[in-house]
Amino acid sequence: AASKSVFVDGKSYSEDEYTNVTPKILSFIGTNNHNRCGHPLNLFKQRLIEFFYNHFRGRTGNPIFSIYDKISPVVTTNENFDSLLVPKNHPSRNKTDSYYLNKTHMLRAHCTAHQSELIKMGLDNFVVFGDVYRRDEIDTTHYPVFHQADGVHIFTPNELELIYGTNVNVFDDDKNNSNNEKQGVYSKEANEIVTVHLKKTLVTMIKNIFGEEIEYRWISEYFPFTHPSFELEINYNGQWIEALGCGVIRHEILKNAGAGNRIGWAFGLGLERLAMSFYSIPDIRLFWSKDSGFLNQFQNLPKDGRMKYKPISIYPQCINDISFWLPKEKPFCSNDFYELVGNYGGQLVEQVKLIDQFKHPKTGNVSHCYRIVYRHLEKTLNQAEVNEVHKLIETNATQILGVKLR
Ligand code: PHE
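Keep in mind it's a predicted model, so treat the numbers as computed, not measured. (Residues numbered from 1 in each chain as written. Predicted model: local features only at pLDDT ≥ 70, side-chain atom pairs only at ≥ 80, totals over all residues. Heavy atoms only, no water.)

A. Quick look at the site of the ligand. As a structural note, the neighbourhood of the ligand is formed by 13 residues, with His 110, Thr 112, Arg 134, Gln 148 and Gly 268 the closest of them. Within the side chain of Arg 134, a nitrogen or oxygen atom sits 2.9 Å from an oxygen atom of the ligand. Separating an oxygen atom of the ligand from a side-chain N or O atom of Gln 148 is a distance of 3.0 Å. For the ligand, the accessible surface in isolation is 330 Å², of which the surrounding protein chains cover 90%. Sorting the residues of the shell around the ligand by element identifies strand E7 (145-155), strand E10 (239-249) and strand E11 (263-270) as the ones contributing at least two each. In terms of residues, the shell around the ligand owes the most to one element, E11, which gives three residues. Residue composition of the shell around the ligand, grouped by class: five nonpolar, six polar and two charged. (Near = heavy atom within 4 Å. Polar contact = N/O pair within 3.5 Å; in protein donor to acceptor, adjacent residues only side chain to side chain. Areas by Shrake-Rupley, 256 points an atom, 1.4 Å probe, with all protein chains shown as cover. Helix = DSSP H or I, 4+ residues; strand = E, 2+ residues; numbered from the N terminus. Nonpolar A, V, L, I, M, F, W, Y, C, P; charged D, E, K, R; others polar.)

Right, here's the structure in full:
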């Protein structure tokens, strides 16, 4: 009998006892919210990229970090776990925690899965953005698909010396001298320089995004792929939230990837979690919303703009268009119309925008068409109620602004 296969991105993976991806989960692949213009995750991503480009420059002022945001989320279990020294019995390897295509391939559970391959390619400084998949509960802060940024900064012995000022040994003579603060192989000074550099960089990054006043604290952590490891927490509205995980990359990983003469740091952060604080978005599921009531709020936001997300109604939208000829005798501006819609539509209007304009070739008359999206905060509007308000807007636009309905 032919065995069943899972198809992802044009490739097939034969199913086995590990396969646990569902059609629903596979349907998220390729959405790439982090690459979609005007999506809050994309805006937030751009802020991070800007920080890395500006903060780390090469000899001629060129950015030294490379950005990767189109790597497929399908990875081998070797990339996701083994290359990162995740123990064979680590809970994240369980079928109950991760999404497997089969025994050898899975949907990445973190963007760190690409670390080793990229270092092997010769890269020292990079940030990977991507969707990651974890089997988890679904609530306001958890969703089985979310997005991460994962960064790596590797130093050559020369670069360390530049930071430190004098000659510094990267490695320890006594390889067994490992403790809570450092890996055995690295010298105390090299470990100290890299740890301080790591913490300074990430605090600068967080302040750059959230502002100088942001309150933060460092917590000591454990990750199989870094030592020492830390977590940075920020205080958001009186609540401590985890902003990122980071640490000094395990020397064995660098060695296996052909960079055994070096030392470096790595970090990983969840884009949704930080974007939720940054834009005051109350529910992680909203990032998947196709509702224009949600997405519109970010559409014209400059990437350095901070805004407070306005909760949208759970009730359906009711869309009515209005078209009219502009008055010839007096000036007309769209903002006057927007204001009028606000005055007569009140709480029922969620959005108004100009969707079409037209100049008659013979008469020279100009016509505008506006789309008004009606939505009630507490109930489903019926067409009769909407018509009543829409009529009121039409009448007043005619009387007050002097337009002529088409
Ligand atoms: N991969 C870790 C996570 O998903 C974050 C991390 C990345 C920690 C790199 C340390 C170094 O939580």
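B. Up close: the nonpolar core. Core analysis: the biggest nonpolar cluster contains 98 residues, and Phe 44, Met 205, Ile 206 and Tyr 279 have the highest contact counts within it. Setting aside residues no more than four positions away along its own chain, Phe 44 makes contact with Ile 209, Phe 210, Leu 271, Leu 274, Ala 275, Phe 278 and Tyr 279. (Core = buried A, V, L, I, M, F, W, Y, C linked by side-chain atoms within 4.5 Å. Buried < 20%, exposed > 50% of the residue type's maximum accessible area, 1.4 Å probe, protein only. Contact = heavy atoms within 4.5 Å.)

C. Summary view of the side chain of Arg 108. In this fold, Arg 108 is placed in the loop between strand E5 (105-107) and helix H4 (115-120). Reaching out from Arg 108, the side chain makes a polar contact with the backbone oxygen of Ser 72 at a distance of 3.3 Å. Within the structure, the side chain of Arg 108 is placed 2.7 Å from the backbone oxygen of Asp 131, a separation counted as a polar contact. For Arg 108, the contacting residues outside a window of four places in its chain are Ile 71, Ser 72, Pro 73, Val 75, Asn 80, Ala 113, His 114, Gly 130, Asp 131, Val 132 and Tyr 133.

D. Structural view of unusual backbone geometry. Cis geometry is found at the peptide bond from His 227 to Pro 228, where omega equals -5°. In this fold, Pro 228 is placed in strand E9 (residues 226-236). You will see that Asp 9, though not glycine, has its phi angle at about 50°, which is positive. By secondary structure assignment, the location of Asp 9 is in the loop between strand E1 (5-8) and strand E2 (11-14). Residue Asp 9 is classed as exposed on the basis of its relative accessible area of 55%. Positive phi, normally seen in glycine, also occurs at Ser 280, with a value near 55°. Here Ser 280 shows up in the loop between helix H8 (271-279) and helix H9 (292-299).

E. Up close: the sheet that holds E11. Read from one edge to the other, the open sheet built from seven strands follows the order E3-E6-E7-E11-E10-E9-E8, with strand pairing classed as mixed. Sheet topology places strand E3 (66-68) and strand E8 (216-223) at the edges, where each strand pairs with a single neighbour. Each strand of the sheet is rotated relative to its neighbour by a mean of 20°, with strand direction disregarded. Pairing between strand E6 (residues 125-133) and E7: nine bridges, direction antiparallel. (Pairing = 2+ DSSP bridges. Axes fitted to C-alpha atoms, helices over the stretch in contact; angles between N-to-C directions.)

F. Seen up close, the packing of aromatic side chains. Summed over the entire model, instances satisfying the criterion amount to 26 aromatic pairs. Note on Phe 28 and Trp 288: the rings are 4.8 Å apart at their centroids and 65° apart in plane angle, and the pair reads as edge-to-face. Here Trp 288 lies in the loop between H8 and H9 and Phe 28 lies in the loop between helix H1 (23-26) and helix H2 (40-55), a separation of 260 residues in the sequence. Since its relative accessible area comes to 8%, Phe 28 is described here as buried. Ring centres of Phe 51 and Phe 52 lie 5.2 Å apart, and the angle between their planes is 85°; on these two criteria the pair is classed as edge-to-face. With respect to burial, Phe 51 and Phe 52 carry one shared label: buried. Over the ring of Phe 129 we find Lys 45; its NZ or CZ atom is 5.8 Å from the centre of that ring. (Phe/Tyr/Trp six-rings, centres within 6.5 Å; stacked < 30°, edge-to-face > 60°. Lys NZ or Arg CZ within 6 Å of the ring centre and 35° of its normal.)

Remember that the coordinates give geometry; whether it matters functionally is a separate question.
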